[in-house]
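# What the coordinates show
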Amino acid sequence: RKIIDHLSTESNFALSDYFSESTYKDSTGRSLTSYNLTKKGCELYATRMIGVKGTLFAVKYIDKFNEMEEKLNPRQPI
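Summarised in this report is the structure supplied together with it. (Residues numbered from 1 in each chain as written. Predicted model: local features only at pLDDT ≥ 70, side-chain atom pairs only at ≥ 80, totals over all residues. Heavy atoms only, no water.)

## Things to note about the overall build of the protein
- Per the secondary structure count, the protein includes three helices and two strands.
- Counting from the amino terminus, the protein carries its helices and strands in the arrangement α-β-β-α-α.
- By the compact-globule yardstick of 12 Å for 78 residues, the protein is too spread out, its C-alpha radius of gyration being 16 Å.
- Over its C-alpha atoms, taken along the principal directions, the protein stretches across nearly 55 × 35 × 25 Å.
- Taken over 78 residues, the protein has a buried fraction of 15%.
- At a minimum sequence separation of 6, the contacts of the protein that also span at least 24 residues come to 18%. (Helix = DSSP H or I, 4+ residues; strand = E, 2+ residues; numbered from the N terminus. Rg over C-alpha atoms; globule rule 2.2 N^0.38 Å. Buried < 20%, exposed > 50% of the residue type's maximum accessible area, 1.4 Å probe, protein only. Contact = heavy atoms within 4.5 Å.)

Written as structure tokens, this is what we have:
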């Protein structure tokens, strides 16, 4: 929600480029807000984190992104 507030102050950012709002049901059946991140949203969120958790998240994100990229665009043998 803080990121939404920050991006909303500038009219040249499309929120949908970064995430979409969604909902989920918790264990008690309540409907709660969640956010689905796009690639850009994940990068934005990863760069905002600090400390050990931020570092670990960034490393996992980088590894998964590169793994996905390799599957989509395998290197051709020389």
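The structure having been displayed, the exposition proceeds.
## Let's talk about the environment of Thr23
- Structurally, Thr23 is set in strand β1 (residues 19–25).
- Separated by ten residues in the primary sequence, Thr23 and Phe13 have C-alpha atoms spaced 23 Å apart.
- In this view, Thr23 contacts Ser31, Leu32, Thr33 and Ser34; residues no more than four positions away in its chain are not counted.

## Details of the pairing of β1
- Bridge analysis of β1 against strand β2 (residues 31–37) gives seven bridges, and the strand direction is antiparallel. Bridging from a neighbouring strand, Ser22 pairs with Ser34 of β2. (Pairing = 2+ DSSP bridges.)

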